[in-house]
Each structure stands twice: as structure tokens, then as C-alpha cells.
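Understanding the architecture of this molecule
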Amino acid sequence: MTETRRTAIVTGAGRGLGFGLAQKLLEQGWHVIAASHGEPSASLTQLKQQAGDRLLCVGIDISDDDSVKAAATAASGWTDQLDLIINNAGVLGDIDKQVPDELDFDEMLHVMNVNTLGPLRVTQAFGKLLLRSNRPIVANISSEAGSVGTCGRDGWYGYCMSKAALNMQSALVHNQLKPLGGRVLVLHPGWVQSYMHGDLNTSARLTIEQSADNVLGAIMNEAQWPDVDGKPPYIDTEYGQRLPW
């Protein structure tokens, strides 16, 4: 990370965990690109008023190539370097249907497009800015649902498969960044009071603030999580332990 000015982009920053991450990065002195789908939320607009020129709000649809490229162009006019990409935006999809129910494969493709290809689009489009950092870090918000080793579900097809594929994508990008002094972190944020179901899920165990603290704690202390067998660390940030791939 650069010592003079540290700059990050957070996707899905309009609300939920993404907003919490953007807010806490600003509190820690970072410059932040808050990328959100559609117009900035009221909370994000208020945060912009508070942060001033340390916060750039950009619209982004991570499922769309042109939208991601446009966001990267806007970012390039605001900063000449990125130190951290937090790929947080994602969707849940149908979690109820099982075989032999009528499965919606088009919806699964959408979930895969957002949760797996979306982060790759962002990393690719913002890659030139990232590679100007002395310590380029990509933090992919994954899930324990992507772990084949701990799989106990009998549904959640699109979501689980998309997160498992995100984990493989993370390993591939990690292999590219390592020789350049960077790395990828694969982070499970825990069961968060988020908007993944549409409305705020207040029954979840962790508040947005708690989860954001855990996630940023893992990122800022990433040196404590060395690679194992060359793989990037796959971390349960709530309990501070590794997850099996």
C-alpha cells in the first residue's frame, strides 16, 4: 500500500456491507471510490458531503461490460492509482428449489454473471490503476457457501456454484499478482444483516458495522494470512480462521 495516499474501490457501496466498508475506509484516511448500482443512495450522498474530495461515487452494473468500463474511465480521471479493490457486490438468487424442482437456469446464469464474472470485470477494468500500487490487493467477498469442503446444503445452486467459481477466479488472479508484489484475499464476511434478500435481514448474527470491522481487519492485517500451498487465504473473517476450499 502507498504511504502517502491509499486509494480503494468498493463495489456494492450503496448500502449494506459495501457502504459500511466504504465508510470505515474513509474513517481510516483512505480515498475511496464507492461504486453502486443506479443512483447513489441517500446514505452514500450524505457520506459524499462529509468526505468531500476523498470520495468518488460512480454508478456501476458489474454484470455489464460497458458499465464497468465506464466506471473505470471515471475513476481514471479522479486517481492515477489504486491500492485495493474490494469486490463486494453480489446477488443471492433462488435458494429454495431442489432437484427435481423446475430450476430456473437463466436466473442461475445471472447469479454467475454477477457473482463470478462481475468481480473479474472489475478487477480487469481497474487493473491498470491497481498495478501502479507497490502492494496491489484484491479482496473478493466470497462466502462459506463456496467451500466444497464444508458443503452441507442441498439447494442454493446458483449462489453456491457462483461463489465456488469466484474462489477459483481468485486463485487465478492471485497467481498473476504474486510476482508483482500483490495478492488476492478470499473473504467470508459471516451472516450479515444485509439486503441480499431485498429487505434488510435483521435476524442475521452480525451487524453491518461488525462485519465491516472484521473484513477490514483481515485486509489490513493480510500479512498474518500467508498463502498455503500457493493458494490465496480463504478466511472466515468473523471467527478469524481459514475455510477449506
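In short, a report on the structure. Because the structure is predicted, anything quoted here is derived from the model rather than measured.

**Considering the overall build of the protein**
Of the regular secondary structure elements, the protein holds seven helices and eight strands. For 245 residues, the compact-globule formula gives about 18 Å, and the C-alpha radius of gyration of the protein, at 17 Å, lands near that figure. Taking the principal axes of the C-alpha coordinates as reference, the protein spans close to 55 × 40 × 35 Å. Scored against the burial criterion, the 245 residues of the protein give a buried share of 51%. Long-range contacts, defined as pairs at least 24 residues apart, comprise 68% of the intrachain contacts of the protein with a sequence gap of at least 6. With the model as given, the accessible surface of the protein reaches about 11500 Å², and the carbon-plus-sulfur share is 51%.

**Comments concerning the nonpolar core**
Residues Leu21, Leu25, Val32, Leu84, Ile86, Leu187 and Ile219 are the most contacted members of the largest nonpolar core, which totals 30 residues. Secondary-structure elements contributing two or more residues to this core are strand E1 (7–11), helix H1 (16–27), strand E2 (31–36), helix H2 (42–51), strand E4 (84–87), strand E5 (137–141), strand E6 (183–188) and helix H7 (208–220). In terms of residue count, H1 provides more of this core than any other element does, six residues in total. The contact partners of Leu187, leaving out residues within four places of it in the chain, are Ala139, Asn140, Ile141, Ser142, Ser143, Val215, Ala218, Ile219, Ile235 and Thr237.

Calculation rules
- In this numbering scheme, every chain counts its residues from 1 along its sequence in written order.
- Totals for whole chains, interfaces and linings use every residue, but because this is a predicted model, local features are given only for residues with pLDDT of at least 70 and side-chain atom pairs only at 80 or more, for both listing and counting.
- In computing side-chain values, all of the structure's heavy atoms are included and hydrogens and water are not.
- Under the scheme used here, helices are H or I runs from DSSP no shorter than 4 residues and strands are E runs no shorter than 2 residues, and both carry numbers assigned from the N terminus.
- With the radius of gyration taken over C-alpha atoms, the globule rule is written as 2.2 Å times the number of residues to the power 0.38.
- Residue burial is assigned from relative accessible area. The probe radius is 1.4 Å, only protein chains are included, and a residue is buried under 20% of its type maximum, exposed over 50%, and partly exposed in between.
- The contact criterion used is simple: two residues touch if any of their non-hydrogen atoms lie within 4.5 Å.
- Here the accessible surface of atoms and residues is derived via Shrake-Rupley with a 1.4 Å probe, and residues count as covered only by protein chains that are part of the display.
- Among buried residues, those of type Ala, Val, Leu, Ile, Met, Phe, Trp, Tyr and Cys that are joined through side-chain atoms within 4.5 Å constitute a nonpolar core.

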